[in-house]
Amino acid sequence: MTDCYVDEGVYFPGGNAVNVAVNCKKNGAEKVNYIGVFGDDERADYIKECLAKEGVEFKRSRKVCAHTAQPRVYLKDGDRVFGPGPRDSCQHLFSIKIVAEDMEVIRDFDICHTSCFSNLEYELPAISEICQVSFDFSERREEDYLKRTCPYLTFAFFSGSEMEERECEELLKKVHGLGTKVVGITRGSKGAIFYDGEKIYRQGIKPVEVVDTMGAGDSFIAGFLTAYGDGKTMEEALDYGAERSALTCMVRGGFGYPHKA
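Residues numbered from 1 in each chain as written. Predicted model: local features only at pLDDT ≥ 70, side-chain atom pairs only at ≥ 80, totals over all residues. Heavy atoms only, no water.

Structural notes on helix α1 (residues 16–26)
Point 1. Of all 11 residues that make up α1, 8 are buried, and the element is covered over most of its length.
Point 2. Along α1, the residues that are buried comprise N16, V18, N19, V20, A21, V22, N23 and C24.
Point 3. Residues of α1 that are buried make contact with β2 (10–13), α2 (42–53), β7 (111–115), β8 (132–138), α8 (216–229) and α9 (234–248).
Point 4. Where α1 ends, the next residue or the one after it, G28, has phi of about 105°, a positive value. (Buried < 20%, exposed > 50% of the residue type's maximum accessible area, 1.4 Å probe, protein only. Helix = DSSP H or I, 4+ residues; strand = E, 2+ residues; numbered from the N terminus. Contact = heavy atoms within 4.5 Å.)

And the structure:
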């Protein structure tokens, strides 16, 4: 998708899975592959161009006859406020059916990241048999949805800046109890809180002069996954995630690459 900064007349490549993929590569991941749905317009071509520049493969992605999603973004005091874009985008109309060839690609990787926006919940059981699965729930916490997804995850991430400490701890333990090994909640300026079944970890923010918070949570996820997947301790991985998130707050867009709208 492209995040359209209305006030500035520019758009940026983005989307949760794209942002995580690009940032994992920036963090030193040896190999990163994005499997997603591209439209048939100039914006889709531009996103592919940006992924290629960042060293992210996308050969198994699909191309469909529809325009790229274009949510409108307004900045207010450095924070992002979203507005709806044109309907019937490729992200709105299409989801991926994972086939055997995709599974062979996924099998070669340590971690497969997806989210509640990707419509891949039904594929989680099969993917979890060949790869560690990371899942971004954003703000989704419905009981039925958690029961449907959590048993197949290694990593689960939630957004919860409005949540109280007690609520966070209850959610962390509930999700872990459903089968997820490592659970985290990012809370904006309040930092992050994580749980691995043995201990609750709290990570503060890294103060910077904020330009744009777009993609900060995705950068935290990518930083954590890259470090933890590379054998770092929980504390080291959380600190690295916070560092990478802070750096993203100093860049416009999810990972740069402004394009005139």
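Some details on a nonpolar patch on the surface
Point 1. Side chains of V208, V210, V211, L247, M250 and V251 sit close together on the surface and give an oily, nonpolar patch of about 430 Å² of accessible area.
Point 2. Inspection of the secondary structure assignment puts V210 in the loop between β12 (200–203) and α8. (Patch = residues over 30% accessible without salt bridge, like charges linked within 9 Å, V, L, I, M, F, W, Y side chains within 5 Å. Areas by Shrake-Rupley, 256 points an atom, 1.4 Å probe, with all protein chains shown as cover. Salt bridge = Lys/Arg side-chain N within 4 Å of Asp/Glu carboxyl O.)

With respect to unusual backbone geometry
Point 1. Positive phi, normally seen in glycine, also occurs at D88, with a value near 60°.
Point 2. You can see D88 is positioned in the loop between β6 (79–83) and α3 (90–93).
Point 3. For D88, a relative accessible area of 44% corresponds to the partly exposed category.
Point 4. Phi is positive for S138, close to 55°, though the residue is something other than glycine.

Overview of the sheet that holds strand β11 (residues 192–195)
Point 1. The strand order across the open sheet formed by 6 strands is β7-β8-β9-β10-β11-β12, and the pairing between neighbours is mixed. What marks the edges here is a single partner per strand, and that holds for β7 and β12. The average undirected angle you get between the axes of adjacent strands in this sheet is 15°.
Point 2. Note that β7 and β8 share 5 bridges and pair parallel. Within β8, the residue paired with H113 across the bridge is S134.
Point 3. Packing against the sheet, helix α7 (residues 165–177) makes contact with β9 (155–159), β10 (182–186), β11 and β12, and its axis sits at approximately 35° to β11.
Point 4. Set on the sheet, α8 makes contact with β7, β8, β9, β10, β11 and β12; between it and β9 the angle comes to about 160°. (Pairing = 2+ DSSP bridges. Axes fitted to C-alpha atoms, helices over the stretch in contact; angles between N-to-C directions.)

Side note on the packing of aromatic side chains
Point 1. Following the criterion strictly, the structure yields 16 aromatic pairs and no others.
Point 2. Of the aromatic side chains, those joined through ring pairs into one cluster are F155, F157, F194, F220, F224 and Y228.
Point 3. Over the ring of F109 we find K31; its NZ or CZ atom is 4.9 Å from the centre of that ring.
Point 4. Above the plane of the ring of Y11 lies R43, whose end atom (NZ or CZ) is 4.1 Å from the centre. (Phe/Tyr/Trp six-rings, centres within 6.5 Å; stacked < 30°, edge-to-face > 60°. Lys NZ or Arg CZ within 6 Å of the ring centre and 35° of its normal.)

Describing the side chain of E121
Point 1. Looking at where E121 falls in the secondary structure, it is placed in the loop between β7 and α5 (124–128).
Point 2. For the buried residue E121, which engages in no salt bridge, the nearest side chain bearing the opposite charge is R140, 4.7 Å off.
Point 3. Within the structure, the side chain of E121 is placed 2.4 Å from the side chain of Y145, a separation counted as a polar contact.
Point 4. E121 has contacts with C116, F135, Y145, R148 and T149, leaving out every residue within four places of it along the chain. (Lys, Arg positive; Asp, Glu negative; His and termini not counted. Polar contact = N/O pair within 3.5 Å; in protein donor to acceptor, adjacent residues only side chain to side chain.)

Examining the environment of G85
Point 1. Among the structural elements, G85 can be located in the loop between β6 and α3.
Point 2. As for G85 and C131, which are separated by 46 residues in sequence, their C-alpha atoms are 34 Å apart.
Point 3. Non-local contacts of G85, meaning those with residues more than four positions away in its chain, are made with Q70, P71 and R72.

Side note on the side chain of N23
Point 1. Mapping N23 onto the fold places it in helix α1.
Point 2. Judged by its relative accessible area of 5%, N23 is buried.
Point 3. One polar contact links N23 to S219, side chain to side chain, over a distance of 3.5 Å.

Observations regarding the packing of α8 against α9
Point 1. Where α8 contacts α9, the two axes come as close as 7 Å, and the packing angle between them is 145°. Crossing geometry of α8 relative to α9 is assigned as right-handed. Here A216, S219, F220, G223, F224, A227 and Y228 of α8 lie close against α9, whose contacting residues are M234, A237, L238, Y240, G241, A242, R244, S245 and T248.
Point 2. In terms of residue class, the contact of α8 with α9 is made up of 10 nonpolar, 5 polar and 1 charged. (Left-handed = near helix turned anticlockwise from the far one by under 90°. Nonpolar A, V, L, I, M, F, W, Y, C, P; charged D, E, K, R; others polar.)

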